Amino acid sequence: ADISHIAHFKTLFFKETMLRNVGSRVFSSFRRNMSTVAVVGSAGGIGQPLAMLMKLNPLVSDLRLYDVVPVNKGVAADISHIATPAKTSGYVGDDEIHDALKGCDVVVVPAGVPRKPGMTRDDLFNTNANIVKMIAQACSKACPDAMLCIISNPVNSTVPIMAETLKKAGTYNSKRLFGVTTLDLQRARTFVAENQGFDVNKTCVNVVGGHAGKTILPLLSQVSDAKFSDADRDALTHRIMFGGDEVVKAKAGGGSATLSMAYAGAEFADGLLKAMNGEKNIIQNAYVESDVAEGCAFFSSPVLLGPNGVEEIHGCGEMSDYEKQLYEEMLPELQAQIKKGVDFVQ
């Protein structure tokens, strides 16, 4: 059978789309430094496609899939049949989480309950807060030096929960904890490219702040060669802020943004793996411990990544008066959501 189309897909996905600035020889030079990656919550709507995308990643040699539901063993068996080098194994329940996480280099966490129509990210808090706290406790014991990539909502609160739990365990490293906000940038690029008639692969939009509603601030004034009417600017800003609601409503009770979030999570993890392997100038927006925004211990802005995680945190850049107003309005809400996470642990 001709498998050239499959090889082309994997090359296209990781080189041309997610790694569009990488030369053709990068992967072969990195293979001696491949990583062990865990996906925690791998049986869920985000977890399954995310796990599959990580199986395709040539920088992953050992893929550990963990969830609390028995079907996760089947998910791992299914994904293990994909013809890529990464060894894949499945783990289920409290008794197996340590084995799943032991010695991992990167842990990606989409675990938790999804949003349903009418739910805000805060409505998810009580359930997902406990889940994230438990995962943090397990990571502190099994992989205290791992890079931790948090997808579980509400990210504005779950990342502080993870941080405070790790602090109590004495294993917190602010350079190795990330809230994944990549989907906000994916949406911004998609919507702006559609609006302006741009090539989406060449469209860059900086999105800063948090990862919920009005805390998501797209800086459309920074988009090169774009010309937005006030009406387009307002509509695009709102759509980027509330893109998750658009998907929740469209799925009519059947779930939230899962496939696009899985893609975004895989893109962030891939950039992180590249940086860990020594590739230079890897900059991705992420929600990290930061002093960019006064009064906000965590904030999402462009971050230079390196072998040990965060190397440098960049500010927001120039903002229009319109964006400055939204920025000021956003800060109290983001501060409150951070405090809610900190208070949950303390």
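What you see is a predicted model, and the numbers here were worked out from it, not measured in a lab.

Caption draft 1: Structural detail: the environment of L59. Along the chain, L59 falls in the loop between helix 3 (47–56) and strand 2 (60–67). For L59 and S35, which are 24 residues apart along the polypeptide, the C-alpha to C-alpha distance reads 6.3 Å.

Caption draft 2: Structural detail: the pattern of salt bridges. One pass over the full model with this rule turns up 8 salt bridges. The salt bridge involving R233 is made with D234; its shortest N-O contact spans 3.0 Å. Overall, D234 belongs to the partly exposed group, its relative accessible area being 34%. Close ionic contact of K339 with D343 constitutes a salt bridge, the shortest N to O distance being 2.6 Å. Highlighted residues: K339 and D343, both in helix 12 (residues 321–345), separated by 4 residues, approximately one helical turn. The class of D343 is partly exposed, set by a relative accessible area of 40%.

Caption draft 3: Representation of the nonpolar core. Counting residues in hydrophobic clusters, the biggest one holds 60 residues, and the most contacted among them are L101, V107, L148, M162, F299 and Y327. Discounting chain neighbours no more than four positions away, the residues touching L148 are V107, C139, M162, L166, R176, L177 and F178.

Caption draft 4: Up close: the environment of P302. Relative to the assigned elements, P302 resides in strand 10 (residues 298–306). For P302, a relative accessible area of 14% translates into the label buried. Along the backbone, P302 and Y287 are 15 residues apart, and their C-alpha atoms lie at a distance of 9.1 Å.

So, how was this worked out
Residues numbered from 1 in each chain as written. Predicted model: local features only at pLDDT ≥ 70, side-chain atom pairs only at ≥ 80, totals over all residues. Heavy atoms only, no water. Helix = DSSP H or I, 4+ residues; strand = E, 2+ residues; numbered from the N terminus. Salt bridge = Lys/Arg side-chain N within 4 Å of Asp/Glu carboxyl O. Buried < 20%, exposed > 50% of the residue type's maximum accessible area, 1.4 Å probe, protein only. Core = buried A, V, L, I, M, F, W, Y, C linked by side-chain atoms within 4.5 Å. Contact = heavy atoms within 4.5 Å.

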